[in-house]
Amino acid sequence: MSDHWITATLLRRYKRFLADVQLPSGETVTVHCPNTGAMTGCMEPGATIWLSVSDNPKRKYSLTWELIETSAGNRICIHSARANKVVAAALADNNIPELMGYERHRREVKVEEGTRADFLLESPGRCVVEVKSVTLGLSDGYGAFPDAVSDRATRHVRELAKVVANGDRAVMILLAMHTGIQRIGPADSIDPVYGEAVRAAISEGVEVLAYGCEVSPDGIVLSGRLPFEPVLPSTVLDEI
């Protein structure tokens, strides 16, 4: 369990799950990088980053990379798993109006063989919720998901469509963990199959909600609703 965060300077990220950083003392150490994506725009060498510190003696790397501040002054949470915690807190506090009114909220629930929902909201009815962390920021405040080809993300979207076909409600939350993102859409130039799957799911009744976050070392909390655009402008996608 992490008990506090410290600052450091990013040197490089490599092997997907590792990064070398320089601590304020000048010491260079290897830390855990909890993000499997390409992390485009999220790993500028020399940038200030924040690390959580674990006291668990069983961990190989006691430091985990959590946030980065870009040269443009934006803060990004690169720890993908934190997105679900942000949404869980928002649901508990009734801060997502579109998902209010359910008596029970459960996490990581098996909804059918081989399928787990990030959240299952129940009574009245059932609502399956899938959460995606968005960190790919583009020009004009656009954000796109995913930042690398993701068969898993495409499968999740198609599973949400099956949920609707079975008579339940299905919602995907695209959570901007990047303070510079003001609107979100699918990254068709990276994964066109995912973009097509999202648009097909919407036509079949899957709801897509986009939300922003306040990101700081003091905490990451849900902020306002953001526009979702099923097709992003080609001029924006050409930047990727």
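This write-up is about the structure you can find in this document. The shown structure was predicted, so the numbers you read here are calculated from the model rather than taken from an experiment.

Here S123 and P124 are connected by a cis peptide whose omega angle stands at 5°. One can find P124 in the loop between β8 (115–122) and β9 (126–134). In this chain, F145 is followed by P146 through a cis amide linkage whose omega measures 0°. Topologically, P146 is positioned in the loop between β11 (142–145) and α2 (151–165). Phi is positive for E108, which is not a glycine, with a value near 50°. Within the element layout of this structure, E108 appears in strand β7 (residues 104–112). By relative accessible area, E108 is classed as partly exposed at 43%. The residue D140 is not glycine, and still its phi comes out positive at about 60°. Here D140 is to be found in the loop between β10 (136–137) and β11. In this structure D140 comes out as exposed when scored by relative accessible area, which is 60%.

Parameters at a glance
Residue numbering note: each chain is counted from 1, following its sequence as written. Whole-chain, interface and lining totals are the exception, using all residues; otherwise, since this is a predicted model, local features are given only for residues with pLDDT of at least 70 and side-chain atom pairs are given and counted only at 80 or more. Think of the side-chain values as coming from all heavy atoms in the structure, minus any hydrogens and water. Put simply, DSSP marks the helices as runs of H or I at least four residues long and the strands as runs of E at least two long, and each gets a number from the N terminus on. Classification of residues uses two cut-offs on accessible area relative to the type maximum, computed with a 1.4 Å probe and protein chains only: under 20% is buried, over 50% is exposed, and between them is partly exposed.

Keep in mind these values describe shape, not function.
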